[in-house]
Amino acid sequence: MCGIVGYVGPREVVPLLIDGLRRLEYRGYDSAGVAVVADGRLDTRRAEGKLDRLVERLREQPLSGSYGVAHTRWATHGKPTERNAHPVVDSKDRIAIIHNGIIENFLAIKRRLLGEGWTFSTDTDTEVIANLVSSYYTGDLAAAVKRAVGELEGMYACALIGTGSTVGDGEEIVAVRQGTPLVLGLGQGESFLASDPAALIAHTRDVIFLDNGDIARLTRSQIEIWDRSGAAVKRPVTRLNWDPQQVEKGGYKHFMLKEIFEQPEAARDTFGGRVDFETGTVGFDALELAPDYVRSLSRIQLLACGTSWHAALIGKFLIEELARIPVEVDYASEYRYRDPIADASVLVAGISQSGETIDTVWAMEAAKERGARLIALSNVPGSQATRISSGTLYTHAGPEIGVASTKAFTTQLVAFYLLALYLRQQLGREVEPELLAPLAHLPQAISEALALEPEIEKLSRRYHTATDFLFLGRGIQYPVALEGALKLKEISYIHAEGYPAGEMKHGPIALIDEHLPVVAIATGKRVFEKVKSNLQEVKARDGKVIVVTDRDPAELDGVADHVLRVPALPEALSPIVSVIPLQLLAYQIGVRRGADVDQPRNLAKSVTVE
Ligand code: F6R
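Just so it is clear, the model here is predicted, and its values are computed rather than measured.

Draft legend 1. Just the overall build of the protein, in detail. Counting secondary structure elements, the protein contains 18 helices and 27 strands. Taking 2.2 N^0.38 as the reference for a compact globule, 610 residues should give roughly 25 Å; the C-alpha atoms of the protein span a radius of gyration of 25 Å, in line with that estimate. By the burial criterion, 61% of the 610 residues in the protein qualify as buried. By element, 48% of the accessible surface of the protein is carried by carbon and sulfur atoms, the whole surface being about 22500 Å². Computed over 67 positive and 80 negative side-chain charges, the inter-centroid distance for the protein is 2 Å.

Draft legend 2. Main features of the sheet that holds strand E2 (residues 31-38). The strand order across the open sheet built from eight strands is E3-E2-E4-E1-E10-E9-E11-E15, with neighbouring strands paired in antiparallel fashion. Since the sheet does not close on itself, it has two edges, and those belong to strand E3 (41-48) and strand E15 (238-239), each with one partner. Its contacts with the sheet place helix H1 (residues 13-24) against strand E1 (3-8), E2, strand E4 (67-73) and strand E10 (191-194), and it is angled at close to 155° to E1.

Draft legend 3. Quick look at the site of the ligand. The ligand sits among 14 residues. The nearest are Ser308, Ser352, Gln353, Ser354 and Thr357. One of the backbone nitrogen or oxygen atoms of Gln353 is found 2.7 Å away from an oxygen atom of the ligand. In isolation the ligand exposes 410 Å². Once the protein is present, 90% of that is buried. When contributions to the shell around the ligand are tallied by element, the ones reaching two or more residues are helix H9 (306-323) and helix H16 (478-492).

Draft legend 4. Molecular detail of the environment of Gly428. Tracing the chain through its elements places Gly428 in the loop between helix H13 (407-426) and helix H14 (433-450). Given a relative accessible area of 64%, Gly428 falls into the exposed group. The sequence separation of Gly428 and Glu571 amounts to 143 residues, and the corresponding C-alpha distance is 23 Å.

Draft legend 5. Quick peek at unusual backbone geometry. Cis geometry is found at the peptide bond from His86 to Pro87, where omega equals 0°. You can see Pro87 is positioned in the loop between E4 and strand E5 (88-89). A positive phi angle is found at Asp39, which is not glycine, with a value near 50°. Along the polypeptide, Asp39 turns up in the loop between E2 and E3. For Asp39, a relative accessible area of 81% puts it in the exposed group. With phi around 65°, Tyr493 is a residue other than glycine that occupies positive phi space. With respect to the secondary-structure elements, Tyr493 resides in the loop between H16 and strand E24 (495-500).

Rules and cut-offs
- Residues numbered from 1 in each chain as written.
- Predicted model: local features only at pLDDT ≥ 70, side-chain atom pairs only at ≥ 80, totals over all residues.
- Heavy atoms only, no water.
- Helix = DSSP H or I, 4+ residues; strand = E, 2+ residues; numbered from the N terminus.
- Rg over C-alpha atoms; globule rule 2.2 N^0.38 Å.
- Buried < 20%, exposed > 50% of the residue type's maximum accessible area, 1.4 Å probe, protein only.
- Areas by Shrake-Rupley, 256 points an atom, 1.4 Å probe, with all protein chains shown as cover.
- Lys, Arg positive; Asp, Glu negative; His and termini not counted.
- Charge placed at Lys NZ, Arg CZ, Asp CG, Glu CD.
- Pairing = 2+ DSSP bridges.
- Contact = heavy atoms within 4.5 Å.
- Axes fitted to C-alpha atoms, helices over the stretch in contact; angles between N-to-C directions.
- Near = heavy atom within 4 Å.
- Polar contact = N/O pair within 3.5 Å; in protein donor to acceptor, adjacent residues only side chain to side chain.

See the structure below:
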């Protein structure tokens with residue numbers, strides 16, 4: 001969950017590293033630090049709290065150098081204090097390390113090292129790696145790291161710099177990856193590393209994703225990589241076509257708002273080039289499922305966490321409706337800890353914006369071990385979920401920086417719609433023009449839903465002091481209710497629950513009184529009247545009702561206190577617009593309550609620890 005970044009090259013390293021950390025702050029933000037080597041001396045600055053505290057510290061005590069590493073932390077071992085901030089330095093003051101992950105056997109190694117006279121000044125598991133590497137270091141840092149990692153159990157992405165290197169010109173960063181993401185960037189006479197490509201794209205688009213067990217040495221002129229066995233290997237270079245502008249706020253107050261407003265384009269980018277409206281065909285570049293294979297499937301399993309899990313619930317609805325293949329949806333964090341049934345007749349899809357969520361990746365691996373075929377639905381090319389899969393359906397949302405997922409969710413819904421149509425086609429059924437045509441209007445429909453912002457801003461004034469919210473939906477809108485509740489919780493810290501509207505009378509109705517705002521999604525034909533009667537039950541108990549609907553607001557007279565009208569779309573696409581007012585509501589309430597909406601407390605963008 002921590003953000004790591006490194007640079008070796010002719011430029012002044014500290015501003016470059018700080019810029020990289022800014023782009024990674026969403027990964028973790030309880031402390032930050034930087035280490036450089038200059039004139040053969042290792043120097044660090046660290047600070048508790050957000051990155052600005054580190055910047056302040058650097059203003060008071062500047063650092064300079066041409067290679068170094070930096071870190072923004074999300075605490076696992078040890079409290080979020082300056083003492084435990086990274087980079088961590090070994091007790092001989094020769095090696096600095098930044099680390100994302102957890103060393104499971106750190107206590108055993110620490111005991112041994114203490115016995116050998118090494119000292120420890122932090123509560124981190126990272127310090128164990130620093131001292132262990134230092135104990136093997138005789139001038140070749142990569143060789144010392146290779147020996148040390150043989151003893152480590154757990155997951156880690158680390159970058160190390162040291163003094164006294166006898167290799168080449170001595171300017172080097174050594175990186176190692178086991179289980180947590182690490183990406184290297186290739187420049188002209190300079191090299192970069194980071195835990196996320198978002199930190200690199202301002203400088204280079206040519207990146208290498210390390211494999212598990214890989215160790216890399218980065219110098220100005222080259223990157224060398226060795227695999228787990230110590231053999232020199234070449235890893236493919238991926239060209240990222242992300243626009244550097246996309247990782248800036250572009251005039252918006254927060255990344256979250258910018259990303260909410262990027263949704264028309266992100267949706268268009270996700271279906272663009274994959275649908276032939278004339279011939280009625282759907283196809284993907286990095287995913288192919290042969291008709292015979294699709295026919296042989298007994299079912300599909302979707303594995304995901306958080307917002308991606310909500311998208312998967314809608315994916316189930318779409319695939320079952322349009323392709324008539326049974327679909328199961330699992331929390332990835334639960335799947336691995338039972339004995340799931342999966343074999344060659346099961347297609348397993350891991351849904352992950354980042355492609356690095358460890359629960360999802362591990363659950364996918366558990367399915368693969370049982371013989372299932374894996375595919376990924378992800379936003380990040382080259383990420384772990386995509387690399388263990390036989391094919392990937394990419395969402396083209398561009399980098400998502402705000403911790404709360406918005407455009408990743410709606411592009412996942414677009415991707416699921418395409419996948420459902422594709423499966424239908426591979427089964428030999430026609431993809432009728434009326435299934436494809438609405439996609440062309442989707443970006444405009446999202447823009448119309450975004451135009452509700454001023455109205456939602458007014459609503460936020462009225463409701464930002466509520467202590468609880470209830471979100472209700474039915475059918476395909478039930479996962480949207482879950483997503484609306486999750487967004488509000490994350491961004492505003494208001495307690496919120498999402499519930500199937502029809503279930504309300506089996507319990508949650510007891511919560512309803514004049515203080516409880518109830519947000520309901522009532523769209524389309526299939527369950528509109530049902531949801532309306534559920535809302536009558538709320539009104540009869542004085543609840544405050546906000547309805548997102550694509551129907552004439554007059555139909556909700558006497559039932560709704562506020563109506564947010566979104567454009568009408570076919571049911572299968574309707575969640576893509578009905579979720580927009582809920583994202584905006586969470587955002588506006590969060591801002592009004594003074595919360596840090598881009599970096600909500602205790603959260604991290606990519607959850608790369610279990
Ligand atoms: C919520 C949110 C998280 C993520 C979850 C999975 O706004 O962002 O719930 O959806 O951590 O992340 P990915 O999709 O990267 O696997």
